[in-house]
Amino acid sequence: MSRKKTLFPDTEDEAIPRQHTSPCFAELLDQHLSRRHLLKGSAAATLATSLPRSLSASTDHPSSLGFSELPHGLDSQLHVAEGYESQVLLRWGDPLFSNSPIFDPARQTAAAQQRQFGYNCDFIAFMPLATDAQGRHGGLLCVSHEYSSSRMFSHSPKLPPKTRTGVELATHGHSVVEIRQRRNTWSVIINSPLNRRISPLDTWMRLAGPAAGHPRLQTTADPKGTRVLGTLNNCAGGTTPWGTVLICEENFQAYFGGKPTDRSEQRNYERYGIGPRHRYGWARFHPRFGLAQEPRESNRFGWVVEINPYDPTSMPVKRTALGRFKHESATVALNPDGRVVVYSGDDQAFEYLYKFVSDGHYAAGADTNQLLDKGVLHVARFDENGSVDWLPLIYGQGPLTEKNGFTSQAEVLIETRRAADLLGATPMDRPEGITLHPDNGHIYLALTKNHARTPWQKNGPNPRALNRYGHILEIIPPGDKADHAATEARWEIFALGGKGANKTSGLDPAGWFACPDNLACDARGHLWIASDGATSASGIADSLWACDTLGPGRALSRHFLRAPKGAEVTGPCFSPDQRTLFLSIQHPGGGWPDFSPGMPARPTVVAIQHHDGRKIGG
Ligand code: FEO
Ligand code: CA
Ligand code: CA
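Model, not experiment: these values are computed from the prediction.

A. Molecular detail of the coordination of the calcium ion (ligand 3). At this site the calcium ion (ligand 3) is bound by Cys-235 (SG), Glu-328 (OE), Glu-328 (OE), Glu-432 (OE), Asp-517 (OD) and Asp-517 (OD), with donor distances of 2.5 to 3.1 Å. Sequence spacing of the donors to the calcium ion (ligand 3): C-x92-E-x103-E-x84-D. If you look at the calcium ion (ligand 3) and the calcium ion (ligand 2), they sit 3.5 Å from each other and are both ligated by Glu-432. With Glu-328 in strand β14 (residues 327–334) and Glu-432 in strand β21 (residues 431–436), this pair connects stretches of sequence that are 104 residues apart.

Okay, structure coming up:
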């Protein structure tokens with residue numbers, strides 16, 4: 001999502017003088033080299049392969065990626081590199097069941113939305129299925145629906161408010177949809193017994209982990225504090241080795257409002273941006289979203305939710321051990337010793353990067369039900385010398401005691417942000433997508449932008465004031481096998497967003513990116529970078545870029561796909577054979593993809609393939 005959560009509206013973005021926001025290359029070089037001089041031993045020997053791309057690039061395009069770059073541009077169409085084709089697979093309103101009503105944007109109902117693909121598709125997971133009776137391979141496409149928008153009602157402006165609220169609730173959440181491929185065409189299997197719509201209107205979820213049942217999670221509808229109706233604002237997510245999907249509750253604060261009579265949560269509200277103003281106004285018809293009626297309902301959002309897509313009757317589980325914040329990404333690493341590590345960012349300016357390390361060890365076929373309930377949540381402190389310290393958020397340790405208002409681990413988790421403040425975590429430039437290199441386990445973290453960082457707040461991992469274009473960090477766990485459970489790691493700046501950062505790189509003019517949001521590594525270790533906000537930052541369409549992570553083409557980003565005007569690109573997800581790339585095109589403008597007078601623009605999942613069936617990227 002782009003506008004609703006930036007600290008400054010786009011109009012204020014434009015008020016920032018451009019000359020003050022462009023990165024000063026010499027300054028960045030100085031910072032980088034002076035920081036590198038602080039490194040010791042073998043770390044310094046890696047300088048040649050770890051420089052930002054603007055330092056290591058040559059003019060002969062040494063990238064291993066074999067596609068022809070698109071030019072930058074901004075129009076109402078989706079463009080993809082030559083030789084590739086995009087197939088519209090799932091649009092907002094498309095039927096998932098045999099009894100799904102035909103989508104009618106002028107006469108929407110909550111009941112219809114609950115049988116149709118939801119709005120503002122975001123995270124995508126492809127969960128494989130066995131070949132079917134017709135010899136088709138396929139899988140379950142698991143897609144989050146981040147948020148509703150007034151754009152949904154452009155063809156039904158007179159919808160009664162109660163009906164509209166029901167539609168908004170029903171369109172949130174998640175869809176699980178069986179898809180099958182024959183030759184180069186993917187098909188949605190309408191009415192597959194595995195198809196499912198999950199929404200905050202009617203899908204109950206179990207609370208699990210240390211905060212489950214805590215009085216601060218108890219409400220009128222759930223006096224035990226163990227069951228929640230639905231999930232909200234699901235942005236980037238992740239998958240587990242045991243075949244479940246993790247979806248993240250990001251900007252949950254936007255759904256609550258009103259004046260609470262119970263002031264006991266006030267400090268908590270303020271830290272998460274929960275205030276009297278209702279962005280959605282749902283409390284009028286659903287009192288649980290009113291702070292006066294249910295002062296603790298908002299404590300039941302802001303978690304990571306685990307879904308078993310292979311069992312449509314399963315109850316999703318909110319895993320409180322992973323902390324409560326504006327989660328973007330829940331990227332899972334299976335540690336060499338079998339522990340499970342989940343990386344997750346808190347996407348707001350000056351918020352933090354976290355990881356959860358399980359106590360238990362994963363073993364194929366063993367019970368995984370409590371693996372994400374018992375373990376230690378850590379928050380990252382980045383030091384100028386290139387090291388990362390992972391600080392444990394454990395009740396009773398350091399400042400996380402009664403003296404600071406924490407009486408249990410449950411409270412440390414409910415107020416994760418405040419606990420992380422007290423530990424001295426490093427405020428970052430909006431942590432968004434996180435992905436892992438498939439071979440060496442290096443972590444890539446998108447920091448999308450942060451207009452509010454002042455010159456005196458610059459530091460190593462957030463090196464630009466008024467960070468308008470964002471950047472990507474590489475985090476390197478210790479050990480030959482990448483020990484993700486370790487309490488230390490190293491960091492590097494992998495790439496800087498913005499045209500100015502590339503001016504000496506010799507890249508094709510389209511190769512520079514801005515405002516990285518979702519990231520994905522393919523099986524060969526290429527990094528794919530989807531953007532959100534590039535139009536307001538740089539006047540170019542939000543797009544998908546790709547680059548090598550190693551070798552001479554490291555961090556030389558290349559422009560692969562350009563979204564229609566108004567859209568951001570989210571959820572990059574590769575099929576297991578690497579020959580299809582699924583993408584969410586969120587909040588497009590200009591009538592895309594239908595271009596029909598009776599149809600608004602529709603958020604859509606597309607499937608990208610090469611016409612000769614080669615792996616994506618060449
Ligand atoms: Fe929903 Fe952080 O983007
Ligand atoms: Ca974003
Ligand atoms: Ca995002």
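B. Main features of the pairing of strand β18 (residues 375–382). Pairing of strand β17 (residues 353–361) with β18 involves 5 bridges; the strand directions are antiparallel. Across the sheet, the residue bridging to Lys-355 is His-378, located in β18. In terms of strand pairing, β18 meets strand β19 (residues 387–392) through 5 bridges, oriented antiparallel. Looking at β19, one finds that Val-379 is bridged to Leu-391. Where β18 hands over to β19, the hairpin turn is made up of 4 residues, of which Gly-386 adopts a positive phi near 90°.

C. Layout of the sheet that holds β14. As summarised here, the arrangement of the 9 strands in space is β14-β15-β17-β18-β19-β24-β23-β22-β21, forming an open sheet in which the pairing is antiparallel. In this open sheet, the two edge strands, each paired with only one partner strand, are β14 and β21. With strand direction ignored, the average angle separating the axes of adjacent strands in the sheet is 30°. Looking at chain direction, strand β22 (residues 443–447) and strand β23 (residues 471–476) are connected through 5 bridges and run antiparallel. Counterpart to Ile-443 in the pairing with β23 is Ile-475.

D. Representation of the packing of aromatic side chains within the structure. Applying the stated criterion across every chain yields a total of 23 aromatic pairs. Measuring from ring centre to ring centre gives 5.7 Å for Trp-242 and Tyr-362, while their planes differ by 35°; the resulting arrangement is tilted. Residue Trp-242 is found in the loop between β10 (234–239) and β11 (245–249), and its partner Tyr-362 is found in the loop between β17 and β18; the two are separated by 120 residues along the sequence. What makes Trp-242 buried here is its relative accessible area of 16%. By the ring-pair criterion, three or more aromatic residues cluster together here, those being Tyr-255, Phe-256, Tyr-280, Trp-282, Phe-289 and Phe-301. Here Arg-115 stacks its cationic end above the ring of Phe-97, 4.0 Å away from the centre of that ring. Its guanidinium or amino end placed over the ring of Phe-301, Lys-318 lies 3.8 Å from that ring's centre, counting from NZ or CZ.

E. Just the pattern of salt bridges, in detail. Counted according to the given criterion, the structure contains 35 salt bridges. The salt bridge involving Arg-296 is made with Asp-262; its shortest N-O contact spans 3.7 Å. Here Arg-296 is found in the loop between α9 (266–272) and β12 (304–307), whereas its partner Asp-262 is found in the loop between β11 and α9, with 34 residues between them in sequence. Among the ionic pairs, Arg-614 bridges to Asp-612, the shortest N-O distance being 2.9 Å. Here the residues in one salt-bridge network are Arg-216, Glu-265, Glu-411, Glu-415 and Arg-418, joined through shared partners.

Rules used throughout
- Here the residue numbering is sequential within each chain, running from 1 through the sequence in written order.
- All chains are assigned letters beginning with A, and all ligands numbers beginning with 1, in the order in which they are written.
- With the structure being a predicted model, the display of local features is reserved for residues of pLDDT at least 70 and the display and counting of side-chain atom pairs for 80 or more, all residues being used for whole-chain, interface and lining totals.
- Side-chain figures throughout are based on the complete set of non-hydrogen atoms in the structure, without hydrogens or water.
- Water is absent from the atoms considered, so a metal site may look incomplete; donors are defined as N, O and S atoms within 2.8 Å of the metal, or 3.2 Å for Na, K and Ca.
- Numbering goes from the N terminus for both helices and strands, where a helix is a DSSP run of H or I of at least four residues and a strand is a run of E of at least two.
- Note on pairing: two strands pair once DSSP finds at least 2 bridges between them.
- To get an axis, fit a line to the C-alpha atoms, keeping to the stretch in contact for a helix; angles then go from 0 to 180 degrees between the N-to-C directions.
- Any pair of Phe, Tyr and Trp rings, taking the six-membered ring for Trp, is counted once the centres come within 6.5 Å. Such a pair is stacked with planes under 30 degrees apart, edge-to-face with planes over 60 apart, and tilted for the rest.
- Buried, partly exposed and exposed residues are distinguished by accessible area as a fraction of the type maximum, computed with a 1.4 Å probe on protein chains only: under 20%, between the cut-offs, and over 50%, respectively.
- A ring is considered to have a charge above it if a Lys NZ or an Arg CZ atom is located within 6 Å of its centre and within 35 degrees of its normal.
- By convention in these notes, a salt bridge is any Lys or Arg side-chain nitrogen within 4 Å of a carboxyl oxygen on Asp or Glu.

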